[in-house]
Amino acid sequence: MLINIVVDMKLRNIPFSPPDMTDVECNEVREAILSGWITTGPRTKKLERELSEFVHTDKTVCLNSATAAMEMVLHLLDLGPDDEVIVPAYTYTATASVTQHVGCKLVMVDSQKDSVEMDYDQLERAITEHTKVIVPVDLAGIIADYDRVFEIVEAKKGLFKPNNALQAKIGRIVVSADCAHSFGASRKGKMAGEIADFSSFSFHAVKNFTTAEGGAMTWNLPFGNEMVKVNVNVKVEDYFPNVPKKEGGAWNELLYRLSQLFSLHGQNKDALAKTKLGAWEYDIIGPWYKCNMTDIMAALGLVQMERYPKLLERRFEIVAKYNEALKDLPVAVLNHKGADHCSSHHLYLVRLLGKTRDEVNKVVEKMAERGIATNVHYKPLPMMTAYKALGFDIKDYPNAYHLFENEITLPLHTNLTDEDVEYVISNFVEVIENM
């Protein structure tokens, strides 16, 4: 039997996270190309509507990445050098790097002991009168404890000092969710996207749902359909000085319009709007950014939306197989599904209890020798050169380091056959038992 396993190892190649593409996606992209709309156009607008319907929000803006979406939130809030944004140390750089793009202050908090979620008690202590935004991360597709986060920001309302009409209307620290991993996840009957004030999704090639590159920002504000009053107390100009009064309307419409302006150089007409007869003329409202989604990308997304329920089901099946196979081993895995939550089953993180980073790296190597690509999620940000240069030190984040030092991530994607899954399991179990 061992000889058969060795022979099979040489024949099998298990990539970590390839995109799941079919002829249907190919055909839709072809149709988009031949339609004449290959930049932002009708398919992008349609995908925005479908995404909003899926996550139960009124408005969604499709962009070129989740990074652009998270940065967009900070621009909409008009953050400046004195404003603080709190993020977990145990995450990917995009969660934190956007603070540097807009020039505000980055604050990091440690993880909970033996949990990938941020330490909420430490979060509460980190809040000051300068705190404007908290960015929880739905790591691996498991929705964070937003009930606890909102409890904290409500308790800290007295410290909050708004700088503009939107901040004043929200009336407290803004919760901006990093949902890069959690599209399709739910908690307590609510979808990722409708829980936080703002939510940012990633549709990168390695994600469950992909547009090759791409992402989206959505929001759920209780006053979203209220009109932005142009009067002495709340003026559109006070919220964003360069936006003329005619850009006003309901808050949802204003935020959507501003997002469009930010994503397309501040140009007040996109290519679709300029096709109307005699409508060539446009204005540049501000010298802003370029991060729009194209219709070619949206074409992929429209097909992926149709396929997504089945894609999620397959991920549930694979995680169930992994859980069953590893339940008696000295490892810790994440709880992807419970009575009140269901993750998007994006990543399968495994911690090899009692092992060091060097020992786990040897497991990574041995799996690679058998044709199985694994990964590590994540090396904490304070260990990275860019964040060391900002003054962060991993010694201040012991729990984040503890999560990293013995973690390995197994392949989890919908191109895996049942035989592939069994191959990963049998080899992983064998490697661990022979450590």
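Look a little higher up for the structure.
The rules behind these values
Residues numbered from 1 in each chain as written. Predicted model: local features only at pLDDT ≥ 70, side-chain atom pairs only at ≥ 80, totals over all residues. Heavy atoms only, no water. 1 Å grid on protein atoms, 1.4 Å probe; cavity = no way out; pocket = protein on both sides within 12 Å on 5 of 7 lines; lining within 4 Å. Points joined across faces, edges and corners; volume = space filled by probe spheres on them. Helix = DSSP H or I, 4+ residues; strand = E, 2+ residues; numbered from the N terminus. Nonpolar A, V, L, I, M, F, W, Y, C, P; charged D, E, K, R; others polar. Pairing = 2+ DSSP bridges. Axes fitted to C-alpha atoms, helices over the stretch in contact; angles between N-to-C directions. Contact = heavy atoms within 4.5 Å.

A.B. asks: Could you give an account of the layout of surface pockets, naming the residues involved and the relevant values?
C.D. replies: Approximately 460 Å³ is the volume found for the largest pocket. The element best represented in the lining of the largest pocket is helix α4 (residues 66-76), accounting for three residues. By residue class, the composition of the lining of the largest pocket is ten nonpolar, twelve polar and four charged. Looking at the second largest pocket, its volume works out to about 250 Å³. Forming the walls of the second largest pocket are 17 residues, and the residues nearest its centre are Asp 114, Ser 115, Val 116, Val 333 and Leu 334. For the lining of the second largest pocket, the secondary-structure elements that each account for two or more residues are β10 (331-333) and β12 (348-352). The leading source of residues in the lining of the second largest pocket is β12, at three residues. When the residues that make up the lining of the second largest pocket are grouped by side-chain class, the tally is ten nonpolar, three polar and four charged.

A.B. asks: I'd like a rundown of the sheet that holds strand β13 (residues 407-410), residues and numbers included.
C.D. replies: The sheet built from three strands is open, its strands ordered β10-β12-β13 with antiparallel pairing. Unpaired on one side and paired on the other, β10 and β13 mark the two borders of the sheet. Taking the axes of each pair of neighbouring strands and ignoring which way they run, one obtains an average angle of 30 degrees across the sheet. As judged from the three bridges shared by β10 and β12, these two strands associate in the antiparallel manner. Note on β12: the bridge partner recorded for Ala 332 is Arg 351. Across the sheet, helix α11 (residues 295-326) touches β10, β12 and β13, and the angle it forms with β12 is around 15 degrees.

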